[in-house]
Amino acid sequence: MSLFRRFVLSFALVTPLLAGDTPTSTPAPAAEVAAIADLLKAGRYAEAEKAARGELVRIAVPGKMDTAETAKVINLLVEAKWRGGKAKDPEARALAQRSVGIMERLHGRGSLETAESLSLLGRLSLMGGDYPGARAIFEEVLAIRERLLPADDIAVSRTLGNLSSTLRLMGDFDAAAPLAERSLAIAEQKLDPGDPDLADAIGNLAFLEHDRGDFEKARPLYERALAINEKALGPDHVKVAKCLSDFANLLADTGDNEGAKPLYERALRIAEGALGPTHPDTANYLNNLAIVLQDMGDLAGARPLYERALAVYEKALGPDHPKVGLALTNLGSLLYSIGDYSAAQPLFERALAIREKTLGSEHIEVAASLSNVAGNLTMLGDLKKARRLLDRAVKIKEKALGADSANLAYTLHDLAILLRRMGEFTAAEQTAQRTLAIWTNKLGPDHPLTAEALGSLAEIRMRTGDYQGAKDLFEQAHAIAEKALGSNHPRVLEGSEQVAEVDWALGRRDAALEESLRAAAIARENFRQL
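None of the values given here were measured: they were computed from a predicted structure. (Residues numbered from 1 in each chain as written. Predicted model: local features only at pLDDT ≥ 70, side-chain atom pairs only at ≥ 80, totals over all residues. Heavy atoms only, no water.)

Along the protein chain, the regular secondary structure elements total 24 helices and zero strands. Taken across its 530 residues, the protein chain has 55% of its residues classed as buried. Considering only residue pairs separated by 6 or more positions, the protein chain has 66% of its internal contacts joining residues 24 or more positions apart. (Helix = DSSP H or I, 4+ residues; strand = E, 2+ residues; numbered from the N terminus. Buried < 20%, exposed > 50% of the residue type's maximum accessible area, 1.4 Å probe, protein only. Contact = heavy atoms within 4.5 Å.)

Attention now moves to the nonpolar core. Judged by nonpolar contacts, the single largest core of 161 residues is most densely connected at V78 and Y313. Among the elements that take part in this core, helix α11 (residues 238-253) stands out by supplying 10 residues, more than any other. Discounting chain neighbours no more than four positions away, the residues touching Y313 are P280, A283, N284, N287, G318, K323, V324, L326 and A327. (Core = buried A, V, L, I, M, F, W, Y, C linked by side-chain atoms within 4.5 Å.)

This brings us to the pattern of salt bridges. Opposite charge on two side chains permits them to pair, given that their charged atoms come into close proximity. On inspection of all chains with the given rule, the structure shows 37 salt bridges. Close ionic contact of R58 with E55 constitutes a salt bridge, the shortest N to O distance being 2.7 Å. One end of the pair is R58 and the other is E55, both in helix α2 (residues 45-59) and three residues apart, which spans about a single turn. Given the relative accessible area of 4%, E55 is considered buried. The partner of D391 in a salt bridge is R387, with the nearest N and O atoms 3.3 Å apart. Here D391 and its partner R387 are both found in helix α18 (residues 383-401), four residues apart, which amounts to about one turn of the helix. Classification of D391 as partly exposed rests on a relative accessible area of 31%. The class for R387 is partly exposed, based on a relative accessible area of 24%. Connected through shared salt-bridge partners, E49, R53, K81, K86, D89 and E91 make up one network. (Salt bridge = Lys/Arg side-chain N within 4 Å of Asp/Glu carboxyl O.)

Before going further, it helps to examine helix α17 (residues 364-380). Helix length check: α17, at 17 residues, gives a terminal C-alpha distance of 24 Å against a target of 24 Å (1.5 Å per residue), a fit within 8%. A large share of α17 lies buried, amounting to 15 of its 17 residues. Two residues or fewer after α17 comes G381, characterised by a positive phi angle close to 100°. (Expected span 1.5 Å × (residues − 1).)

This part covers the packing of aromatic side chains. Counted according to the given criterion, the structure contains three aromatic pairs. Ring geometry for Y336 versus Y341: centroids 5.3 Å apart, planes at 65°, classification edge-to-face. Since its relative accessible area comes to 22%, Y336 is described here as partly exposed. Aromatic side chains Y410 and W439 sit 5.4 Å apart centroid to centroid with 75° between the ring planes, which places their arrangement in the edge-to-face category. Taken together, the residues span a long stretch of sequence, with Y410 in helix α19 (residues 406-421) and W439 in helix α20 (residues 425-443) at a distance of 29 residues. Judged by its relative accessible area of 31%, Y410 is partly exposed. (Phe/Tyr/Trp six-rings, centres within 6.5 Å; stacked < 30°, edge-to-face > 60°.)

Okay, the environment of G332 next. With respect to the secondary-structure elements, G332 resides in helix α15 (residues 322-337). The sequence separation of G332 and F348 amounts to 16 residues, and the corresponding C-alpha distance is 6.2 Å.

Turning to the environment of S371, a few remarks are in order. Along the chain, the position of S371 falls in helix α17. Between the C-alpha atom of S371 and that of D391, which follows or precedes it by 20 residues, the distance is 9.2 Å.

Between helix α3 (residues 68-83) and helix α4 (residues 90-107), the least distance of the axes is 9 Å, while the angle of their chain directions is 155°. Here α3 lies roughly antiparallel to α4, going by the angle between them. Considering the relative orientation of α3 and α4, their crossing is left-handed. Between α3, through A68, T70, A71, I74, N75, L77, V78 and K81, and α4, the contact on the second element is made entirely by E91, A92, L95, A96, R98, S99, I102, M103, L106 and H107. Split into classes, the residues belonging to the contact of α3 with α4 amount to 11 nonpolar, four polar and three charged. (Axes fitted to C-alpha atoms, helices over the stretch in contact; angles between N-to-C directions. Parallel < 35°, antiparallel > 145°, perpendicular 65-115°, else oblique. Left-handed = near helix turned anticlockwise from the far one by under 90°. Nonpolar A, V, L, I, M, F, W, Y, C, P; charged D, E, K, R; others polar.)

Here we take up helix α16 (residues 341-359). A rise of 1.5 Å per residue sets the reference length of α16, with its 19 residues, at 27 Å; its end C-alpha atoms lie 26 Å apart and thus fit the reference within 8%. Buried within α16 are the following residues: A344, Q345, L347, F348, A351, L352, I354, R355, T358 and L359. Close packing links the buried residues of α16 with α6 (131-148), α7 (154-169), α15 and α17. With its phi angle positive at about 95°, G360 sits one or two positions after the end of α16.

With that out of the way, let us pick up the packing of helix α8 (residues 173-190) against helix α9 (residues 196-211). The geometry of α8 relative to α9 is characterised by a closest axis approach of 9 Å and an angle of 155° between their N-to-C directions. In this view, α8 runs roughly antiparallel relative to α9, as classed from their interaxial angle. Where α8 crosses over α9, the two elements pack in a sense that is left-handed. Here F173, A176, A177, A180, E181, S183, L184, A187 and E188 of α8 lie close against α9, whose contacting residues are L198, A201, I202, L205, L208 and D211. Its residues assigned to classes, the contact of α8 with α9 shows 11 nonpolar, one polar and three charged.

What follows deals with the environment of K239. The topology assignment puts K239 in helix α11. We classify K239 as buried; its relative accessible area is 13%. Sequence separation between K239 and A267 is 28 residues, and the spatial gap between their C-alpha atoms is 9.5 Å.

Now for the side chain of N288. Tracing the sequence through the fold places N288 in helix α13 (residues 280-295). Of the residues examined, N288 reaches a relative accessible area of 2% and is grouped as buried. Side chain to side chain, N288 and N249 meet in a polar contact 3.4 Å long. (Polar contact = N/O pair within 3.5 Å; in protein donor to acceptor, adjacent residues only side chain to side chain.)

On average, the protein chain scores 87 in pLDDT, and the residues at 70 or more come to 86%. Between residues 6-28, whose pLDDT stays under 50, and residues either more than four places distant or in other chains, the model counts 68 contacts. (pLDDT = per-residue confidence, 0-100.)

Right, dumping it as structure tokens:
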């Protein structure tokens, strides 16, 4: 099963002044606008929304045409709403469209003023899961800004970052990479080394490298973004929470759950205090912490966190948002791990339907959902349908990520297991060897996923009668998993059972019985809590 930690968007704060604006005086409305912007920078989104709403009521005159000043206040109100977890609120989109209309009437569609309002509309589209719509808007904004501003203007950098984030979420890493790199290059040149907006640009590139499987490149970027935000914003700012979670994602993906867990817990504490328990960002950290708890064997601790995250996403973002698909996938994976396949199936199928609808049929997250549905169908006995789904998933990932991607290896691993169950041992062996080579090369020989690939290959050897070869592989896998995850982890339990099974086949009955009793003791302790 494929668990999903991350669904990360990173945006620089929109300032109330456009690039090149140099007001010679500070009238009262400008002072109010600046105060609202300060609330946004401080992460006090509810207060910013209240203040912006009050200012909008004050300056909007019934029966009169809206002014540019009105549009600026509307933009701040929209930003307060989406940063406060209300991107799906119909009012937010209506306000953003109103601002675009004002600026287009006053300055024309191709103006910098209209581009600023369009950028906010693009963010709402992206936060709402409309990736193609967001892409079209950001491409329009980029064209305007590149035509009217210097190529190294910071507004160009921010737009490049927004478009890069959109393409990354759409799975188009090749198109996203040069935009993220150019965005960061401009930010490095134009911003102070301690500016949080620079941390946003760094974070965008870190997410991309992480998604591409280049963990060595991603790690120093995450660490740098976190250090900038902690120093500039303080330890309890919501941007610090996001940086903590981002870095924890990387640690967890490289097998360091012990290092990831306290970072997720700290991020969750910050979000609950600053944003409240029903904010989508709070749900992100609930989801991420649940995955680590599940990976560490604490299934009883993970389940209520998954369920709480799902409830928050559905209420805040709507039933068809990609984050709902993420939460359904992870809860389904937990049910799968305890053998409740009938309960997991409708969750996986609903997640697949959401992703196909919102991301398109060729997105890598659609491939991951196909793998999950197929894996569960395998356990329910529908092997032929599972094979069709996995073949489709492999093709999607090979096209999007390349033939040696660590992400692709998840699906190859699932396919090898299915082929083994179908009795196609030659094809299963080839697929398992390919999986093992990718994970060993990308993640290292001591990673838990490398252990899983060794275990899969051992199962094939055992089914073809090579019991000694199977035992050697099982013991390698067991040693890696025990070192990485601890002796009481469910994956280590599974390894103990596999070693016992092959010992029995080799006639080593005493050794098999000893290993089986150890595995049974671990199982009782783990599942007693459920």
